[in-house]
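# Notes for the structure review
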Amino acid sequence: MAIEYGLNEEQEMLKTMARDFLANECPMTHVRELMEDDTGFDPELWKKMAEVGWLGLVFPEEYGGSGMNFRDLTILLEEMGRAVLPGPFVSTSLLVGIPILAYGTEEQKNEILPKIASGEAVCTLAALEEDGDWWADSINIRADYRGGHYVINGTKLFVPDAKVADYMLIVARTKRTENPEEGITLFLLDTKEVYGTMSTLLKTMDETRKQYEVVFLNVPISAENILGELHQGWPIMKQIALNTTAALCAEMVGAGEKVLEMTVDYLKERIAFGVPIGSFQALQHRASDLVIGLEYSRSLMEWAAETIKEGDPDAATAVAMAKSFCGDTCKKVVAEGIQMHGGIGFTWDHDMHLYFKRVWTDDNAFGDSNYHRELIAKKLDEIHQLAGGGRWKITSGRMIPMG
Amino acid sequence: MAIEYGLNEEQEMLKTMARDFLANECPMTHVRELMEDDTGFDPELWKKMAEVGWLGLVFPEEYGGSGMNFRDLTILLEEMGRAVLPGPFVSTSLLVGIPILAYGTEEQKNEILPKIASGEAVCTLAALEEDGDWWADSINIRADYRGGHYVINGTKLFVPDAKVADYMLIVARTKRTENPEEGITLFLLDTKEVYGTMSTLLKTMDETRKQYEVVFLNVPISAENILGELHQGWPIMKQIALNTTAALCAEMVGAGEKVLEMTVDYLKERIAFGVPIGSFQALQHRASDLVIGLEYSRSLMEWAAETIKEGDPDAATAVAMAKSFCGDTCKKVVAEGIQMHGGIGFTWDHDMHLYFKRVWTDDNAFGDSNYHRELIAKKLDEIHQLAGGGRWKITSGRMIPMG
Amino acid sequence: MTDEEPGKLEALRQEVRAWLKENLPEGWGSPGYVAPERGSKEAHDLGKAWQKKVYDAGYTGFGIPTEYGGIERSRAEVAVIRDEMQRTGTPPPAGSLGPMIVIPTLLRYGNEEQKKRFIPKILSAEESWCECFSEPDAGSDLANIQKTGVRDGDEWVVNGQSVWTSGSKFADWGVVPVKTDPNAPRHRNLSYFVFDCTSPGFEVRPLKQMTGDAEFSETFFDNVRIPHANMIGEEGQGWYVAMATLEAERGGGIQFVAPSRRIEPTTLGGVDIYVELAKNTKRRGKTVWDDPIFRQRIAQFAIENEAMRHSRERMRVKAIKRQLTGNEQSIGSIFSREKNQRQANMVAEIMGANIQFMRGDPRALDDGSWTYTFLRTRGNTIETGTTEVLRGIIAERMLGLPRSRQ
Amino acid sequence: MTDEEPGKLEALRQEVRAWLKENLPEGWGSPGYVAPERGSKEAHDLGKAWQKKVYDAGYTGFGIPTEYGGIERSRAEVAVIRDEMQRTGTPPPAGSLGPMIVIPTLLRYGNEEQKKRFIPKILSAEESWCECFSEPDAGSDLANIQKTGVRDGDEWVVNGQSVWTSGSKFADWGVVPVKTDPNAPRHRNLSYFVFDCTSPGFEVRPLKQMTGDAEFSETFFDNVRIPHANMIGEEGQGWYVAMATLEAERGGGIQFVAPSRRIEPTTLGGVDIYVELAKNTKRRGKTVWDDPIFRQRIAQFAIENEAMRHSRERMRVKAIKRQLTGNEQSIGSIFSREKNQRQANMVAEIMGANIQFMRGDPRALDDGSWTYTFLRTRGNTIETGTTEVLRGIIAERMLGLPRSRQ
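Residues numbered from 1 in each chain as written. Chains lettered and ligands numbered in written order. Predicted model: local features only at pLDDT ≥ 70, side-chain atom pairs only at ≥ 80, totals over all residues. Heavy atoms only, no water.

## Some thoughts on the overall build of chain C
Operational definition: By the criteria applied, helices consist of DSSP H or I runs no shorter than four residues and strands consist of E runs no shorter than two, each listed in order from the N terminus. Our radius of gyration is a C-alpha quantity, and the globule rule it is checked against amounts to 2.2 Å times the number of residues to the power 0.38. Only protein chains enter the accessibility calculation, which uses a 1.4 Å probe; a residue is then buried when its area is under 20% of its type maximum, exposed when over 50%, and partly exposed in between. With residues, only the protein chains shown are counted as cover, and all accessible areas are computed by Shrake-Rupley using a 1.4 Å probe. Neither His nor the chain ends contribute to the count of charged residues, in which Lys and Arg are positive and Asp and Glu negative. Each charge is placed at NZ for Lys, CZ for Arg, CG for Asp and CD for Glu.
Scanning chain C for helices and strands turns up eleven helices and ten strands. Radius of gyration (C-alpha) of chain C: 22 Å, near the 22 Å computed for a compact globule of 406 residues. Considering chain C as a whole, with its 406 residues, one finds that 56% of them fall into the buried category. Entry remark: accessible area of chain C is about 16500 Å², with carbon and sulfur atoms responsible for 51%. With 55 positive and 56 negative side-chain charges, chain C shows a spacing of 6 Å between the two charge centroids.

Structure follows, in structure tokens:
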């Protein structure tokens with residue numbers, strides 16, 4: 001199968017519909033209302049998103065889904081990035097829904113996926129801990145087997161949308177061995193059924209995305225609620241990270257493109273020294289640089305989304321490349337967006353800072369640009385080793401191709 | 001003693017005189033003639049430089065010098081950078097003259113310094129070897145003690161001005177221990193007195209600075225010709241590198257400032273789309289960036305020169321900072337110089353490329369910008385350790401000052 | 001720095017250190033200490049009280065003639081005092097605008113009466129100041145100011161609006177350029193006033209920034225009456241007086257930096273806090289400092305800070321030799337403000353997920369001031385003239401390039 | 001890429017591989033092989049002969065209608081052929097200008113006769129081409145061309161001068177826009193010609209670049225007579241025809257890049273030679289690859305190369321859907337050419353002292369071609385329209401920003 005560049009007709013429709021939907025149902029005025037809310041969650045809006053089929057977009061119809069694919073999902077994410085949409089969409093779909101579809105038992109799928117698709121169940125993932133660090137060694141919250149079930153104790157941090165989550169996927173340590181990636185298990189907690197969890201809202205920069213500290217105090221959970229295999233949770237976690245990272249790239253590109261559009265509009269309108277500031281060549285050239293950066297961000301992002309859709313072995317590489325480039329570029333775009341707007345872009349009432357904060361938060365999630373660039377460096381090293389020292393050799397003052 | 005910022009009256013005079021001298025005695029037409037010459041050496045010009053007191057500028061009068069200081073010397077270097085002066089000035093003064101003054105025996109000083117000052121003796125340093133790498137471990141050419149004298153065997157590379165050198169300071173290994181910085185000895189070879197050295201011109205990028213391969217075949221040299229102590233040559237070598245690096249910073253800043261001036265002149269003259277291209281705001285802003293970069297390059301360079309003049313313990317830090325910043329900045333200046341000149345700046349007949357090549361060569365010598373930035377990082381680490389973990393501590397969510 | 005008796009300086013150092021111990025707010029700098037909220041009246045009052053204490057102790061007011069309340073100290077003494085203050089950390093002064101921009105403006109353009117009336121109370125922090133410069137339609141284009149002033153006897157009646165007024169919430173006095181002659185050409189149609197913030201018709205509305213704080217305000221002039229005696233400089237000279245204010249602001253207190261001979265081993269070229277932060281932050285089992293990419297970025301800032309220090313000294317010497325045109329300040333202004341931003345970006349990347357914590361979250365390092373700085377520095381390259389305007393100044397006034405569109 | 005029978009493609013791969021073994025110049029690619037000097041007649045002849053062989057074997061000429069000598073292949077086949085050629089490395093073609101810029105121009109604006117006359121001989125390399133565009137006073141401002149053409153019966157008499165003429169030293173034919181109506185407004189006063197380089201009055205003087213080579217020339221037209229039949233497009237339409245040529249040039253052969261599905265594990269996103277170089281270069285006892293700063297710089301280029309690959313594919317799909325305006329090529333042109341420069345800078349920093357060695361020095365890696373590239377890439381951001389002009393195109397034509405000074 002070939003990579004599909006650009007959108008097909010169905011996807012064009014999805015995009016147009018999504019843009020219209022968000023413009024109508026969650027304009028910036030509403031985003032700002034949700035920022036003031038401790039949960040950032042609007043049940044009405046959520047219901048409407050279910051009705052248009054977004055919440056089960058990639059689920060098969062048998063689970064109440066729309067049967068669309070991952071690339072389609074990223075189109076929504078782009079639009080959500082443009083709209084700086086608050087609420088638990090990423091948490092529910094990417095962090096929990098897709099993993100259940102991929103790794104859940106038939107029972108788990110039958111129980112939860114239709115609820116997600118219909119908007120009945122909001123979900124989230126509790127992965128990071130005190131150090132906010134994204135690697136297996138930081139998973140220290142314990143799930144001990146006692147009296148026929150597991151008991152979870154410890155504290156999770158940066159848990160998105162915890163307060164409104166009906167299901168919480170918990171990344172816990174069930175065994176400590178030499179290899180920190182072993183002995184991690186994912187538990188799917190029905191938050192309405194247990195006591196002992198306590199969520200506290202964190203005061204974080206991007207107020208459109210609510211994050212929480214969640215303390216688990218002797219929370220019992222049965223072995224049936226394990227997602228995947230006991231001790232074998234980390235590979236699933238890695239796949240969750242991969243999918244979500246690709247989705248965040250789409251969100252960043254959407255946000256970046258919107259910022260560029262707003263900035264170009266402003267450059268045309270704003271008069272200084274008697275002319276539109278967009279006629280100043282220095283600003284023109286800087287705007288052009290943003291166009292260039294976003295073209296390549298989008299190219300890598302679409303490729304990454306396609307590899308995930310296809311289950312392509314290149315997915316890890318594609319996603320790392322996309323995250324690194326989109327992160328660097330979109331951080332530059334939002335910074336330039338503020339700068340070119342001048343004073344007004346620095347105010348609370350202007351929307352620029354919402355994009356600024358969203359992009360920086362996205363860049364940070366699951367490893368920032370630097371981290372992903374280093375992954376590519378490691379990959380280059382690996383391939384070079386595998387190829388037995390590469391296909392070039394320097395001999396007698398020449399770099400010559402091998403075999 | 002305070003750092004002297006800017007120039008005093010005497011120094012202003014030196015600068016004006018140097019600029020006039022080089023404009024008259026070595027205009028660009030002459031630079032290009034010397035590029036065509038295998039030695040790049042003009043005995044007439046050298047004689048005139050001796051006459052105006054440049055060749056012994058920092059030597060005391062008892063050795064035929066002018067009794068000026070290191071900061072004065074860097075003023076000459078700036079002007080030489082502006083003029084892309086060919087010839088063995090750096091080799092003779094920085095690489096050999098000043099080290100002899102600092103570390104030579106009274107006999108060595110009496111023999112050689114007056115000859116340098118009068119223009120009779122051209123000198124150079126043979127330090128780098130096959131790998132072109134600037135550290136003690138790469139010094140592998142041997143000087144073995146046999147029959148009452150040392151015998152040198154091996155090959156040196158990137159030896160500047162070897163063909164015209166009357167004295168050659170050779171960095172050779174006299175002992176191999178665990179510590180590669182031990183067992184290195186500096187020998188001062190009178191090239192007219194021995195056989196067994198063979199110099200071959202290298203075909204290198206900056207044709208205004210001739211470099212050679214020098215092969216030593218059983219070259220005998222007496223212990224009297226050691227500069228400093230047996231086996232203790234490396235600390236001297238480090239000081240030579242420090243002085244010369246500061247001098248090269250001055251040369252780069254001189255070259256960079258000249259390139260900026262030429263570029264600004266061109267921006268005022270060149271007409272495109274009916275107006276001088278200097279009225280294009282994008283080019284204006286980029287020219288401004290070069291002004292900014294050069295202001296800070298000069299600030300660090302002057303500080304570095306002052307610390308060397310004063311024998312200040314900060315010299316190593318100051319020089320590393322200056323080299324790192326001047327290298328980065330001046331490489332950018334010459335690149336922008338070519339770009340803003342457009343096609344004409346890319347031709348052989350235009351002088352831009354001479355500055356481009358000189359600056360890249362200077363940046364590379366004795367460690368490039370990256371290397372020197374890493375030295376500063378190491379220094380930060382060292383100071384932090386020394387201060388017992390720094391003067392700040394992060395405790396209870398606060399970074400607080402210590403004692 | 002002159003060679004003074006080291007014993008005398010050391011005594012001063014001990015004196016300052018003891019004084020600080022005695023006079024700093026209770027609990028200041030200790031982990032338990034909770035500072036008043038940034039921008040609050042409490043913070044303002046604390047800063048004001050602190051500044052007065054410092055002035056009364058003779059630890060500020062340097063370089064100002066004594067007849068206007070200035071205090072004489074040698075450069076070495078100033079360096080010692082500044083160093084001890086920095087080492088300990090002190091409350092931020094309330095209304096740094098008075099010392100930073102109003103005093104230089106008054107010294108250059110004020111008459112004797114004005115200087116005697118206002119400068120001493122700025123130094124003693126009895127009166128704090130605001131600056132009503134930017135307007136909604138004249139951001140970086142100062143010559144386009146729309147506020148009008150009409151003469152009425154001994155007074156001027158001023159109408160109009162400002163945005164980005166700094167320091168206005170609790171200010172006692174303000175400076176404002178006003179169009180007093182609508183028929184005069186650009187640069188000749190403004191006059192510059194100081195005015196009493198309690199004047200009827202002057203209104204302040206807080207302007208919230210992306211940090212969530214309202215450090216600035218919008219201010220409104222509705223028939224505000226300002227006595228003619230409060231005009232600084234001549235009628236019609238206001239643009240030039242305003243430029244002097246801006247130059248002082250862009251220079252960012254060049255005059256207050258005392259030179260020091262050595263690299264301070266304790267501050268590592270000003271990056272010691274970043275080294276500490278990087279060494280205290282772990283990422284995947286290693287400290288961030290172990291990552292050469294961050295190590296070199298921090299080293300780069302050490303280099304740049306030293307470069308700025310020596311450049312300031314070069315400028316100071318040039319100023320003494322009267323070789324400055326005033327345009328050179330644009331260099332330091334662009335570089336330092338862009339450096340602030342780059343530094344803040346690096347901090348955000350070092351801190352990773354933790355940069356998200358805002359003031360008020362118990363996990364926020366230093367009560368969120370790192371995050372505040374990260375967001376606040378976005379404004380650095382816009383306020384007091386965008387870096388774009390300053391680059392134009394360098395190009396046109398220093399390099400003599402032909403004027404681009406205006 | 002369509003799903004073709006893999007066996008068929010593999011057979012083609014083997015065929016190409018065997019053909020290359022058979023037909024490459026004796027000793028090609030082996031350490032002892034000495035290529036003819038860049039820019040020499042020998043190099044030109046070698047390239048010409050090689051290109052003809054490749055064409056005769058059916059390994060080039062894709063995407064061109066067969067009636068003009070084009071060769072039909074599926075995209076998959078093209079990908080296989082290109083891959084094998086790249087893997088082995090082949091002599092540089094002589095006069096890439098013909099295929100790259102003349103054919104697209106002729107296909108768009110040439111009449112049937114012109115297309116039949118010229119395209120086949122370009123494909124077969126029987127005739128090579130030069131491009132007389134830039135003038136001393138009209139670098140990036142094509143509309144300002146000063147060459148004049150005066151009609152005389154069936155011919156035009158052309159006078160004027162070009163600089164930066166590429167490929168002219170050994171070219172058989174040239175393309176040139178000429179001002180044929182001095183009274184017409186900008187963009188309507190030019191006509192575009194192909195001309196025979198042996199025409200009396202046409203003179204070529206080599207123009208030496210900073211690399212030391214004379215890859216370009218200055219060319220002089222002294223009453224050169226060009227038949228009217230050689231005009232491409234209409235009289236007065238020359239600016240538009242010339243823009244088509246430039247677009248093709250700036251697009252840099254977009255049409256020749258075949259898509260490949262997977263990251264080539266062997267080329268590591270095109271940076272394999274840099275990995276190899278870094279691993280083979282030691283600095284102070286460690287390889288340069290061990291320095292994370294260089295490792296990440298190389299990784300960044302792998303990322304950028306993949307980004308460019310996918311962007312080209314996006315553009316190709318857009319072109320098929322007729323969603324391109326032609327201005328998009330500026331994006332790839334700026335990015336790729338600036339990337340070339342950044343890559344070359346990195347190579348220079350990796351190689352350290354050894355980047356100094358020029359062709360002819362026995363120590364020069366690959367006979368100095370790395371150093372040549374380092375110097376040569378300085379011109380990349382100037383030739384075929386400076387990156388400044390292209391940024392203006394993006395700003396004005398893609399973003400619709402108001403025209404800046406013109």
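Once you've had a look at it, read on.
## Re the packing of helix α2 (residues 28-36) of chain A against helix α10 (residues 352-364) of chain A
All names here are of chain A. Inclusion rule: Geometry is summarised by axes, namely lines fitted to C-alpha atoms with helices restricted to the contacting stretch, and by angles between N-to-C directions that run from 0 to 180 degrees. Any angle between 65 and 115 degrees counts as roughly perpendicular, while under 35 counts as roughly parallel, over 145 as roughly antiparallel, and the rest as oblique. In a left-handed crossing the near helix is turned counterclockwise from the far helix by less than a right angle, and in a right-handed crossing that turn is clockwise. Any two residues whose heavy atoms approach within 4.5 Å at even a single point are treated as in contact. Ten residues, namely Ala, Val, Leu, Ile, Met, Phe, Trp, Tyr, Cys and Pro, are considered nonpolar, four, namely Asp, Glu, Lys and Arg, are considered charged, and the remaining ones, Gly among them, are considered polar.
The interhelical angle for the contact between α2 and α10, taken along N-to-C directions, is 60°, at an axis separation of 12 Å. It follows from the interaxial angle that α2 and α10 lie oblique. Of the two elements, α2 crosses α10, and the hand of that crossing is left-handed. Within the contact between the two elements, α2 uses Met28, Val31, Arg32 and Met35 and α10 uses His353, Leu354 and Tyr355. Within the contact of α2 with α10, the residues separate by chemical class into five nonpolar, one polar and one charged.

## Here we look at the interface of chain D and chain B
Which entries qualify depends on this criterion: Accessible area, probed at 1.4 Å, shrinks when two parts are joined; the buried area is that loss added up over both. A carboxyl oxygen of Asp or Glu within 4 Å of a side-chain nitrogen of Lys or Arg is what we treat as a salt bridge. Polar contact is defined as a pair of N or O atoms within 3.5 Å, subject to the rule that within protein one atom must be able to donate a hydrogen and the other to accept it, and that residues adjacent in sequence are counted only when both atoms are side-chain atoms.
Taken together, the contacts link 48 residues of chain D with 43 residues of chain B. Carbon and sulfur atoms supply 59% of the area buried between chain D and chain B, which totals about 3800 Å² over both sides. Of all residues in chain D, D:Met210, D:Arg284 and D:Gln356 bury the most surface against chain B, accounting for 22% of the area lost on that side. Our count for the chain D to chain B interface comes out at four salt bridges. The closest approach of N and O atoms between B:Glu213 and D:Arg363, which form a salt bridge, is 2.7 Å. At the junction of chain D and chain B, the tally comes to 19 residue pairs in polar contact (both at pLDDT 80 or more). Contributing elements (two or more residues each) for the side of chain D that touches chain B: β9 (282-283), α8 (292-320), α9 (329-351), α10 (369-376) and α11 (387-398) of chain D. Tallying contributions element by element places α10(D) first for the side of chain D that touches chain B, with four residues. The class makeup of the residues in the side of chain D that touches chain B is 16 nonpolar, 16 polar and 16 charged.

## So, unusual backbone geometry
All names here are of chain A. Unlike most non-glycine residues, Val84 shows phi in positive territory, near 45°. The topology assignment puts Val84 in the loop between α4 (70-83) and α5 (89-103). Owing to a relative accessible area of 0%, Val84 belongs among the buried residues under this scheme. Positive phi values are uncommon outside glycine, yet Phe366 reaches one of about 55°. For Phe366, the location among the structural elements is in the loop between α10 and α11 (369-386). When its relative accessible area of 16% is taken as the criterion, Phe366 is described as buried.

## A few points about the domain arrangement of chain A
Residue and element names in this part refer to chain A. As a reminder of what qualifies: Segmentation of the chain into domains, including their bounds, is taken from an automatic or database domain assignment.
Domain boundaries assigned for chain A yield domain 1 (9-122), domain 2 (125-232) and domain 3 (235-367). Put simply, the middle of domain 1 and the middle of domain 3, counted by C-alpha atoms, are 22 Å apart. With 23 residues of domain 1 at the interface, the matching set in domain 3 holds 30 residues. Viewed at the interface, domain 3 and domain 1 are joined by four salt bridges. The salt bridge involving Glu261 is made with Arg82; its shortest N-O contact spans 2.7 Å. At the boundary of domain 1 with domain 3, the tally comes to nine residue pairs in polar contact (both at pLDDT 80 or more). Those elements giving two or more residues to the side of domain 1 that touches domain 3 turn out to be α2, α4 and α5. Counted by class, the side of domain 1 that touches domain 3 contains 16 nonpolar, three polar and four charged residues.

## Examining the nonpolar core
Keep this limit in mind: As used in this record, nonpolar core signifies buried Ala, Val, Leu, Ile, Met, Phe, Trp, Tyr and Cys residues forming a set joined through side-chain atoms within 4.5 Å.
Formed by 332 residues in total, the largest nonpolar core has its most connected members in A:Met49, A:Phe89, B:Met49, B:Phe89, C:Ile298 and D:Ile298. Residues D:Leu20, D:Val78, D:Leu106 and D:Ile119 belong to the second largest nonpolar core, which totals 47 residues.

## So, the side chain of D:Asn327
Within the secondary structure layout, D:Asn327 lies in the loop between α8 and α9. Aside from chain neighbours lying at most four places away, what touches D:Asn327 is D:Ile393, D:Arg397 and D:Met398.

## As for the domain arrangement of chain C
Residue and element names in this part refer to chain C. Segmenting chain C into domains produces domain 1 (4-96), domain 2 (100-104 + 127-250) and domain 3 (272-398). The gap between the C-alpha centroids of domain 1 and domain 2 is 30 Å. Taken together, the contacts link eight residues of domain 1 with seven residues of domain 2. Overall, the association of domain 1 and domain 2 removes approximately 690 Å² of surface from exposure, summing both partners, and the carbon and sulfur fraction of that is 54%. Of all residues in domain 1, His44, Lys48 and Ser96 bury the most surface against domain 2, accounting for 45% of the area lost on that side. Viewed at the interface, domain 2 and domain 1 are joined by one salt bridge.

## Thoughts on the packing of aromatic side chains
Definition in use: Pairing of aromatic rings covers Phe, Tyr and Trp, the last counted by its six-membered ring, and requires centre-to-centre distances within 6.5 Å; plane angles under 30 degrees mean stacked, over 60 mean edge-to-face, and any other angle means tilted. Only when the NZ of Lys or the CZ of Arg is both within 6 Å of the ring centre and within 35 degrees of the ring normal is a charge said to sit over the ring.
Tallied over the entire structure, the rule returns 54 aromatic pairs over all chains. With centroids separated by 6.2 Å and ring planes inclined at 35°, the aromatic side chains of A:Phe356 and A:Trp360 adopt a geometry described as tilted. One end of the pair, A:Phe356, and the other, A:Trp360, are both in helix α10, four residues apart, so they sit about a helical turn from each other. Given a relative accessible area of 8%, A:Trp360 falls into the buried group. Taken together, the aromatic side chains of A:Trp134, A:Trp234 and A:Phe366 make up a single cluster linked through ring pairs. Over the ring of A:Trp348 we find C:Lys208, and its NZ or CZ is 4.3 Å from the ring centre.

## Quick look at helix α2 (residues 41-56) of chain D
Residue and element names in this part refer to chain D. Test applied: By this rule, a helix spans an expected 1.5 Å times one less than how many residues it contains. By definition, the arc is the one covered by directions from the helix axis to the C-beta atoms.
Along its 16 residues, α2 runs 22 Å from first to last C-alpha, staying within 8% of the 22 Å computed at 1.5 Å per residue. All of the buried residues in α2 are His44, Gly47, Lys48, Trp50, Gln51, Val54 and Tyr55. The buried residues of α2 occupy one face: seen down the axis, they fall within an arc of 165°. Away from its buried face, by an angle of more than 90 degrees, α2 presents the exposed residues Glu42 and Asp56. Just past α2, the residue Gly58 takes up positive phi, approximately 85°.

## Structural notes on the environment of B:Lys357
In this fold, B:Lys357 is placed in helix α10 (residues 352-364). On the basis of relative accessibility, which here comes to 3%, the residue B:Lys357 falls in the buried class. C-alpha of B:Lys357 to C-alpha of B:Arg142: the two residues are 215 residues apart in sequence and 33 Å apart in space. Other than its neighbours up to four places away in sequence, B:Lys357 contacts B:Met205, B:Asp206, B:Trp348, D:Met210 and D:Leu375.

## Some remarks on the pattern of salt bridges
Counted under the stated rule, the structure contains 119 salt bridges over all chains. Measuring nitrogen to oxygen at the nearest pair gives 3.1 Å for the salt bridge that ties B:Glu251 to B:Arg358. Placement of B:Glu251 in helix α7 (residues 233-269) and of B:Arg358 in helix α10 is noted, with a sequence separation of 107 residues between them. Overall, the relative accessible area of 1% leaves B:Arg358 in the buried class. Linked through salt bridges whose partners overlap, the residues forming this network are A:Arg71, A:Glu78, A:Glu257, A:Glu295, A:Arg298, A:Glu302 and D:Arg314.

## Quick look at the environment of C:Met85
Residues and elements named next belong to chain C. The residue Met85 is located in helix α3 (residues 75-88) in this model. Taking the relative accessible area as the measure of exposure, Met85 reaches 13% and is therefore buried. Residues Met85 and Ile101 lie 16 residues apart in sequence; the distance between their C-alpha atoms is 22 Å.

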